[in-house]
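An overview of the molecular structure
Here is what each chain is made of, one letter per residue.
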Amino acid sequence: MSNNSTAHDLQEILRQQALLKRRLDEEEQALTSLAKRLWAQQETEKARLSRELHDGVGQLLTGLTRRLQGLSKTSPELDELCNIAELALSDVRQLSRMMSPTILDDLGLKPAIKWLCRNLFEHETADIQVSVELDLDIPKDISILLFRISQEALVNCVKHSHASKVTLSLASHHNVIRLDIADNGDGFDPTSIEPGIGLTSIADRAKAFDAEYTLTSTPGKGTRTTIKVPV
Amino acid sequence: MTISVVLADDHVLMRQGVSQMIEADPDLTVVGECGDGVELIDQTLRLTPDVVVMDISMPKMSGLVAIDKLLSQRPDTRILVLSMHDEVEYVEAMQGAGAKGYLLKESSGDELIAAIKKVAQGKTVFPNADTGQSEISPAARRLSPLSALTRREREVFFLVAAGNTSKKIAELLDMSLKTAENHRSNIYKKLNVSSSAELIRMAGKAGLLE
Ligand SMILES: Nc1ncnc2c1ncn2[C@@H]1O[C@H](COP(=O)(O)OP(=O)(O)OP(=O)(O)O)[C@@H](O)[C@H]1O
Ligand SMILES: [Mg+2]
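Residues numbered from 1 in each chain as written. Chains lettered and ligands numbered in written order. Predicted model: local features only at pLDDT ≥ 70, side-chain atom pairs only at ≥ 80, totals over all residues. Heavy atoms only, no water.

Chain B has the name Response regulator transcription factor in an unreviewed UniProt entry, where Alteromonas salexigens is given as its organism.

You'll find chain A entered in an unreviewed UniProt entry as histidine kinase, with Alteromonas salexigens given as the organism.

1. Re the overall build of chain A
Counting its regular elements, chain A contains seven helices and five strands. Counted from the first residue to the last, chain A has its helices and strands arranged as α-α-α-α-α-β-α-β-β-α-β-β. Over its C-alpha trace chain A gives a radius of gyration of 25 Å, far above what one expects of a compact globule, namely 17 Å for 231 residues. Looking at chain A residue by residue over its 231 residues, the buried ones come to 36%. A total accessible area of about 14100 Å² is found for chain A, and carbon and sulfur atoms account for 55% of it. Each charge class in chain A can be summarised by its mean position, and for the 27 positive and 33 negative side chains these summaries are 3 Å apart. (Helix = DSSP H or I, 4+ residues; strand = E, 2+ residues; numbered from the N terminus. Rg over C-alpha atoms; globule rule 2.2 N^0.38 Å. Buried < 20%, exposed > 50% of the residue type's maximum accessible area, 1.4 Å probe, protein only. Areas by Shrake-Rupley, 256 points an atom, 1.4 Å probe, with all protein chains shown as cover. Lys, Arg positive; Asp, Glu negative; His and termini not counted. Charge placed at Lys NZ, Arg CZ, Asp CG, Glu CD.)

2. With respect to the UniProt feature "modified residue: 4-aspartylphosphate" (unreviewed entry) in chain B
All names here are of chain B. As annotated in UniProt, the feature "modified residue: 4-aspartylphosphate" (unreviewed entry) corresponds to Asp-55 in the numbering used here. By the secondary structure assignment, Asp-55 is in the loop between β3 (51-54) and α3 (63-73). Leave out the neighbours within four places in its chain, and Asp-55 touches Ala-8, Asp-9, Asp-10, Gly-63, Leu-82, Ser-83 and Lys-105. (UniProt positions renumbered as here; feature names shortened; annotations may be inferred. Contact = heavy atoms within 4.5 Å.)

3. Structural notes on the UniProt feature "domain: Histidine kinase" (unreviewed entry) in chain A
Those places that UniProt annotates as "domain: Histidine kinase" (unreviewed entry) correspond, in this numbering, to residues 146-231 of chain A. The span residues 146-231 of chain A is 33% helical and 36% strand by assignment, and the distance between its end C-alpha atoms comes to 12 Å.

4. Regarding helix α5 (residues 109-120) of chain B
Residues and elements named next belong to chain B. Helix length check: α5, at 12 residues, gives a terminal C-alpha distance of 17 Å against a target of 16 Å (1.5 Å per residue), a fit within 8%. Among the residues making up α5, those that are buried are Leu-112, Ile-113, Ala-115, Ile-116, Val-119 and Ala-120. Burial along α5 is one-sided: seen end-on, the buried residues are contained in an arc of 160°. As for α5, its buried residues are in contact with β1 (3-8), α1 (12-23), β2 (28-34), β3, β4 (79-83) and β5 (101-104). (Expected span 1.5 Å × (residues − 1). Arc of directions from axis to C-beta.)

5. Some details on the pairing of β5(B)
Where β4(B) and β5(B) come together, four bridges link them in parallel fashion. Residue Leu82(B) lies in a different strand from β5(B), and its bridge partner there is Leu103(B). (Pairing = 2+ DSSP bridges.)

6. Regarding the site of ligand 1
Residues and elements named next belong to chain A. Neighbouring ligand 1 are 15 residues; Asn-156, His-160, Gly-196, Ile-197 and Leu-199 lie closest to it. Between an oxygen atom of ligand 1 and a side-chain N or O atom of Asn-156, the distance comes to 2.8 Å. Within the side chain of His-160, one N or O atom sits 2.7 Å away from an oxygen atom of ligand 1. Considered on its own, ligand 1 offers 600 Å² of accessible surface; in the complex 78% of this is hidden by protein. Of all the elements in the fold, those that place two or more residues in the shell around ligand 1 are α6 (140-161) and α7 (197-208). Ranked by residues supplied to the shell around ligand 1, first place goes to α6 with five residues. Class assignment of the residues belonging to the shell around ligand 1 gives a composition of six nonpolar, six polar and three charged. (Near = heavy atom within 4 Å. Polar contact = N/O pair within 3.5 Å; in protein donor to acceptor, adjacent residues only side chain to side chain. Nonpolar A, V, L, I, M, F, W, Y, C, P; charged D, E, K, R; others polar.)

7. Points about the sheet that holds β4(B)
Residues and elements named next belong to chain B. A sheet is described by the order of its strands in space; here five strands give the open sequence β2-β1-β3-β4-β5, paired in parallel fashion. Lying at the two open borders of the sheet, with one neighbouring strand each, are β2 and β5. Looking at each pair of strands side by side, their axes are set apart by 25° on average, direction ignored. Where α1 meets the sheet, its contacts fall on β1, β2 and β4, and the angle it forms with β2 comes to roughly 160°. Across the sheet, α5 touches β1, β2, β3, β4 and β5, and the angle it forms with β4 is around 155°. (Axes fitted to C-alpha atoms, helices over the stretch in contact; angles between N-to-C directions.)

Right under this line is the structure:
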């Protein structure tokens, strides 16, 4: 009799545990899908801002540049003003493209990554080496994920590392894509820095896509960011 | 012999403008116009134009995929890409996909007509490879751009960055105009810039302007 009721209790506990586990899984799923939707929303918003920048300030500066070009040659000073306006225009265009990289839609991840590296390192002292070996079709949201993480990590290399060499490699193996970004710069102690938007967004994005994210950095020994994402 | 053209661009105004330019040339005629990649393939296979003139960013099917599909179904299709993007990655991708030409939308009507005619003859039209690489050697710009300058040059540097002319600088630093200009050109050389605009931008990026 008592044996029976113990067995019954045990069964009840197991049943409740299974229920809880299922609830927890559901909650986690809901959170992940919410996170994904939030990132998608942010991309839409960035695309809107990028268009506004391009069509707003961009057009004004185009107009200004054209008019200055029409005037210049009459004095060296005007020539210089014209140069400054041209630089401002190209900076705005660049900013708008970085904000929403249409190249990702137009040409796909590989050219987009090369474009990103070229643009970020064009005027830098550091050398960048890029290798991209992808032999599978990558869904749009994963492409955006990899592009944005690359962008944050590379901007950090440019801003903080003082490196002379930076490498980015992106490769697929079976159904996993591995992104690896390393610099030979200053490095830092990951436990003692105040994470900014960059590192936080890398971690959050990776989590939303079930990607494995590791950041290794040692003062004096450079920094390495690795992402493994299942496709 | 008129050259027939199918034109694809989702931007209607742009397409009309281009179409008018093409029609205005006695040797060219537009036999089909469309606004997306799917229609483009359909029209090209049906109308077999001498040249396809197309944009890259289009709805339903991107230009890159459309080129791929077109060439697999009609390998001798001659495609001229008309694009707003001047980046080397775009040109390479389109060339790699099998397009015969690449022209920027800001090109003049004459350039467009000339490009279509060339492509129709089986020639290729691509911009000079602008790799976007600057010649600035990494070593030339160490961490502080100013470390390469002498003390006097630094003074001149800040005055240039503040927008002063050589004449004004000569006055302020009590030197001859010739000396001021010499300093200026040495600074440009050392920093690898070619104008005061570039110098200002560089100073801004290095956080040297308040
Ligand atoms: N590659 C790197 N080399 C050296 N230090 C780095 C590197 N990446 C990150 N750090 C350090 O970690 C800090 C946090 O980086 P994070 O990207 O989160 O913020 P941030 O770059 O300072 O600002 P932002 O919010 O604009 O990204 C940086 O301020 C820097 O001290
Ligand atoms: Mg950062």
